[in-house]
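Examining the three-dimensional arrangement
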Amino acid sequence: MDKKENFKEFISNHPELLNYIKNKEMTFQDFFEIYDIYGEDEATWSKYFKEQGDDLRIKELSKVLKNINMDSIEHHVNNAQKVIGIIQELTKKSPDVVSTIDNPITKIYGD
């Protein structure tokens, strides 16, 4: 295979590079010149692949956020707040219990 055929195969194996061409950030000629000098060196191409990877992560995150049911989240938050309120009520000390605990001697001797 000649260098052009290898480059065509490289581009077909990395379709994310086509986004740069579609966005007019790069041309096939630009990519071919990089390929001609550096070949398929990972370090050279990583910046083009990394940016695409970041875009994919953002797209995946937006899909997840779109699928979140806000009514369901609100329902669960309200339930959690109710449970916390009940726990707080159960753990509160009544005034009689507090005075008995704070001053046990005065309760015994009536001072």
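Scope of this entry: the structure provided in the associated data block. It should be emphasised that the depicted structure is a prediction, and the values quoted were computed from it without experimental measurement.

1. Thoughts on the overall build of the chain
For the chain, the count of helices and strands is seven helices and zero strands. In the chain, the succession of α and β elements from N to C terminus is α-α-α-α-α-α-α. Evaluated residue by residue, the chain yields a buried proportion of 16% over its 111 residues. In the chain, once contacts between residues fewer than 6 apart in sequence are set aside, the share between residues at least 24 apart is 48%. If you sum the accessible surface of the chain, you get close to 9,300 Å²; carbon and sulfur atoms cover 56% of it.

2. Focus on the nonpolar core
By size, the foremost hydrophobic cluster in this structure holds 14 residues, and its most contacted members are Leu17, Phe31, Trp45 and Tyr48. Per-element tally for this core: the top contributor is helix α3 (residues 28-38), with four residues. Look past the residues within four positions of Phe31 in its chain and what remains in contact with it is Phe7, Leu17, Tyr20, Ile21, Met26, Trp45 and Tyr48.

3. Notes on helix α1 (residues 3-13)
For α1, the full list of buried residues reads Phe7, Phe10 and Ile11. With its buried residues spanning 95° around the axis, α1 presents them on a single face. Exposed side chains of α1 directed beyond 90 degrees from the buried face belong to Lys8, Ser12 and Asn13.

Criteria and cut-off values
- Residues numbered from 1 in each chain as written.
- Predicted model: local features only at pLDDT ≥ 70, side-chain atom pairs only at ≥ 80, totals over all residues.
- Heavy atoms only, no water.
- Helix = DSSP H or I, 4+ residues; strand = E, 2+ residues; numbered from the N terminus.
- Buried < 20%, exposed > 50% of the residue type's maximum accessible area, 1.4 Å probe, protein only.
- Contact = heavy atoms within 4.5 Å.
- Areas by Shrake-Rupley, 256 points an atom, 1.4 Å probe, with all protein chains shown as cover.
- Core = buried A, V, L, I, M, F, W, Y, C linked by side-chain atoms within 4.5 Å.
- Arc of directions from axis to C-beta.

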